[in-house]
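Examination of the molecular architecture
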Amino acid sequence: MRVLSVAGGVAWRSLHNVFTNPSLLIPQLAFPLFFFTAFAGGLSGIRNVPGFDYPPGYTAFQFVFVLCQSAAFGGVFTGFGIARDFETGFVRRLLLAARKRTGIILGYGIAALVRWLVTATFLTAVAFAVGMNVGGGGVDLPALYLLAALVNIAAGLWACGVAMRLRTMQAFPVMQMPVFLALFFAPVYVPLHLLTGWIHAVAYVNPLTRVLEAGRSFAAGSPTEVGVAFAAAAGLAVLFTLWALRGLRSAEAAG
Amino acid sequence: MSNLPDEVYALARRSVVRTSRMPAQWIAPLIFPTMLLAVNSGGLKAVTHLPGFPTTSYVAFALAVPFIQGALFATMNAGTELARDIQTGFLNRLALTPLRSAALLAGHLGGVVALGFVQACFYLAVGLVVGVRPAAGVAGVVVLLVFAALIALAFGALGTWAALRTGSGESVQSLFPVFFVFLFLSSMAIPRNLIQQTWFRDVATANPVSYLLECVRSLIITGWNGEALGLGFGIVFAMGVAALALSAHALPRRLAR
């Protein structure tokens, strides 16, 4: 109960900050939309590449990537907020006041998830408005969003762990760059089988590749690699939960 | 009283030294565009199989992008450095000296152009290492480096104008997403004639960044293309003149004596 009350307070404050501050809210909504426009619009000719076979079309193919990207960066943006809270001294006061400090991490995690749900709703509405086709039904599409939510949680916990350790806004690139690389070393523009050379080797072992491939299969209505994808995403979430908890201990030790 | 070249040299040297002492200012413009080049050239290699694609090497096609992306960083760096000078009062102290306004602009932008030139050499070296051979030959490489320096000058002048107008590093930084939108809504990833969405092709055609990219790309892929070179140099010249005029107009207000 104590954990939940701390988490509720942290989440409410974090969400209040985001949704009452246009300079935080607008980029969160605009950037995924911009990437969706640039990739789905500018690169739609890729559907004519020999070997590219994705029945719902290139817009849906890119929608899945941008949805996962928005989930990951939604988590990272929350990490930015934690670092900012450290610099202003808010987290230190919170560490003194909170009875159950794990509630702090839970609260930031809830805030990251709610932030992303708003972005995902907006992105989905725009995607359908511009005529995106999906083959998936009542189970496939919720599964796609559940998979992306796991990515959001994992990325949020990663950024939280970094923020708890470094406790400065100068840590932004440390939070952002690995997530950026993990996303772009996956099959972003074409399916895995059309990648060649070193990028194929890297993408093959990248856990986010499984997430993307399964997500695209959900959107197409023919799920594949579902178990592996959920195991990869859940595994990352568990791993980064431990990372964030150790980070919390580090912040506590630093005083 | 010192003469104009001495004043320009002193300020350009200060700009270069200051940048070299802040690794974040020069490492990011070198590494980030190179990383994006690696990712995109790996991920989009299959695009070269599209009928009508101008080359079989996507790296050669994409090598133009870092030149423009590097210029965006030049804009940010130029603007942020000048904004810091405004915020710390350095510009006010300069106003107490007989320094000419033209020397301030030229010296400041001299440092930006120097960094832009180093960036261009680095991107070119990366391209050569991964097997790209510029179709326009050695003379083409010289033209490419001159063009890169002009792009850095034009974009740097834009950043300078933003800094003079706002006097805030954060405001200058907030321009970055705007420039990024221009980059992504261009012929950055695929030639304009192969863009299938009509509205996107129209936006890319109206976007001046497409012509800057195509100017660099022509020297690397096709050789000497008068139209691409004319459009590229024309646009960068017009941008540079406009941005310098705006900066020169904004400077006296900041440098109140």
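Residues numbered from 1 in each chain as written. Chains lettered and ligands numbered in written order. Predicted model: local features only at pLDDT ≥ 70, side-chain atom pairs only at ≥ 80, totals over all residues.

**Re the overall build of chain B**
Inclusion rule: Runs of H or I in DSSP of at least four residues are treated as helices and runs of E of at least two as strands, each being numbered from the N terminus. Our radius of gyration looks at C-alpha atoms and nothing else; its globule reference is 2.2 Å times the residue count to the power 0.38. The burial label depends on the number of other C-beta atoms within 10 Å of a residue's C-beta. Counts of 20 or more mean buried, 12 or fewer mean exposed, and intermediate counts mean partly exposed, with C-beta atoms placed from the backbone. Any two residues are considered in contact once their C-beta atoms, placed from the backbone, lie within 7 Å.
Check the secondary structure of chain B and you find 12 helices and 0 strands. Element order for chain B, N to C, with α for helix and β for strand: α-α-α-α-α-α-α-α-α-α-α-α. For a compact globule of 257 residues, the expected C-alpha radius of gyration is about 18 Å, and chain B comes in at 19 Å, within 12% of that figure. Along the longest, intermediate and shortest principal axes, the C-alpha atoms of chain B span 65 × 35 × 30 Å. With 257 residues in all, chain B has 46% of them scored as buried. Of all intrachain contacts in chain B linking residues separated by at least 6 positions in sequence, the fraction that spans at least 24 positions is 80%.

**Description of the overall build of chain A**
Helix and strand counts for chain A come out as 10 helices and 0 strands. When the elements of chain A are put in sequence order from the N terminus, they spell out α-α-α-α-α-α-α-α-α-α. A compact globule built from 255 residues should have a C-alpha radius of gyration of about 18 Å, and chain A, at 19 Å, falls within 12% of that. Taken along its principal axes, the extent of the C-alpha atoms in chain A is 60 × 35 × 35 Å. Split into buried and exposed, the 255 residues of chain A put 49% on the buried side.

**Looking at the packing of helix H4 (residues 64-88) of chain B against helix H6 (residues 101-129) of chain B**
All names here are of chain B. The test is simple: What counts as an axis is a line fitted to C-alpha atoms, over the stretch in contact for a helix, and the angles between N-to-C directions run from 0 to 180 degrees. Angular relationships are summarised with four words: roughly parallel below 35 degrees, roughly antiparallel beyond 145, roughly perpendicular across 65 to 115, and oblique for the angles in between. Working rule for handedness: look at the near helix, and if it is turned counterclockwise from the far one by less than a right angle, call the crossing left-handed; if clockwise, right-handed. For this scheme, ten residues count as nonpolar: Ala, Val, Leu, Ile, Met, Phe, Trp, Tyr, Cys and Pro. Four count as charged, namely Asp, Glu, Lys and Arg, and the remainder, Gly too, count as polar.
Interaxial distance between H4 and H6 falls to 10 Å at its minimum, and their mutual angle equals 155 degrees. The angle between H4 and H6 places the two elements in the roughly antiparallel class. As H4 packs across H6, the resulting crossing turns out to be right-handed. Residue-level contacts link Pro-66, Phe-67, Gly-70, Ala-71, Ala-74, Asn-77, Ala-78 and Leu-82 of H4 to His-108, Leu-109, Val-112, Leu-115, Gly-116, Gln-119, Ala-120 and Tyr-123 of H6. Residue composition of the contact of H4 with H6, by class: 11 nonpolar, 5 polar and no charged.

**Overview of the environment of Arg-18 of chain B**
Position of Arg-18 of chain B among the secondary structure elements: in helix H1 (residues 4-20). Separated by 93 residues in sequence, Arg-18 of chain B and Gly-111 of chain B place their C-alpha atoms 9.3 Å apart.

**Some thoughts on the confidence of the model for chain B**
Residue and element names in this part refer to chain B. Quick note on the threshold: Per-residue confidence from the predictor is reported as pLDDT, which spans 0 to 100.
With 97% of its residues at a pLDDT of 70 or more, chain B has an overall mean of 88. Ranking the elements of chain B by mean pLDDT puts helix H8 (residues 169-173) last, at 73, and helix H11 (residues 208-222) first, at 95. Model confidence for the complex is summarised by a pTM of 0.83, with the ipTM given as 0.72.

**A word on the environment of Gly-135 of chain A**
All names here are of chain A. Following the sequence through the fold, Gly-135 ends up in the loop between helix H5 (102-129) and helix H6 (140-166). Owing to 17 C-beta atoms within 10 Å, Gly-135 belongs among the partly exposed residues under this scheme. Considering only alpha carbons, one finds Gly-135 and Arg-101, 34 residues apart in sequence, at a separation of 44 Å. Not counting residues within four places of it along the chain, the set of residues in contact with Gly-135 comprises Pro-55, Pro-56, Ala-219, Ala-220 and Gly-221.

**So, the interface of chain A and chain B**
Every contact between the two is made by 22 residues of chain A and, on the other side, 19 residues of chain B. Listed by contribution, the elements that provide at least two residues to the side of chain A that touches chain B are helix H2 (22-42) and helix H8 (198-205) of chain A. Each residue belonging to the side of chain A that touches chain B can be placed in one class, and the counts come to 15 nonpolar, 7 polar and no charged.

**Concerning the nonpolar core**
Basically, it comes down to this: To count as a nonpolar core, a set of buried Ala, Val, Leu, Ile, Met, Phe, Trp, Tyr and Cys residues must be joined through C-beta atoms within 7 Å.
One finds Val-151 and Ala-154 of chain A together with Ile-151 of chain B to be the most contacted residues of the largest nonpolar core, which totals 164 residues. With 17 residues, helix H3 (residues 58-88) of chain A is the single largest residue contributor to this core. Excluding residues within four positions of it along the chain, Ile-151 of chain B makes contact with Phe-67, Ile-68, Ala-71, Gly-116, Leu-212 and Val-236 of chain B.

**Overview of helix H10 (residues 226-254) of chain A**
Residues and elements named next belong to chain A. Heads up, the condition is: In this analysis, the expected span of each helix is defined as 1.5 Å times one less than the number of residues it contains.
Taking 1.5 Å per residue as the helical rise, H10 with its 29 residues ought to reach 42 Å, and the 42 Å between its terminal C-alpha atoms agrees with that figure. Where H10 is buried, its residues contact helix H4 (90-97), H5, H6 and helix H9 (207-220). Just beyond H10, the residue with positive phi is Gly-255, at close to 80 degrees.

**Quick word on unusual backbone geometry**
Residue and element names in this part refer to chain A. Unusually for a residue other than glycine, Arg-167 sits at a positive phi of about 55 degrees. Its place among the elements puts Arg-167 in the loop between H6 and helix H7 (172-184). One non-glycine residue with positive phi stands out, namely Glu-225, at about 55 degrees. Topologically, Glu-225 is positioned in the loop between H9 and H10. Exposure remark for Glu-225: the 18 C-beta atoms within 10 Å place this residue in the partly exposed category.

**Concerning the packing of H6 of chain A against H10 of chain A**
Working note: a packed helix pair is described by the angle between its axes plus the distance between those axes. All names here are of chain A. Where H6 meets H10, the axes come as close as 8 Å, and the angle between the chain directions of the two elements is 20 degrees. Taken as axis vectors, H6 and H10 run roughly parallel relative to one another. The element H6 and its partner H10 pack so that their crossing is left-handed. Its residues assigned to classes, the contact of H6 with H10 comprises 20 nonpolar, 4 polar and 2 charged.

**Comments concerning helix H7 (residues 137-166) of chain B**
With 30 residues, H7 of chain B should cover 44 Å at 1.5 Å per step; its first-to-last C-alpha distance of 43 Å lies within 8% of that length. With its phi angle positive at about 65 degrees, Gly-167 of chain B sits one or two positions after the end of H7 of chain B.

**As for the environment of Phe-147 of chain B**
All names here are of chain B. Along the chain, Phe-147 falls in helix H7. Sequence-wise, Phe-147 and Ile-68 are 79 residues apart; in three dimensions their C-alpha atoms are separated by 10 Å. Leave out the neighbours within four places in its chain, and Phe-147 touches Cys-215, Val-216, Gly-232, Phe-233 and Val-236.

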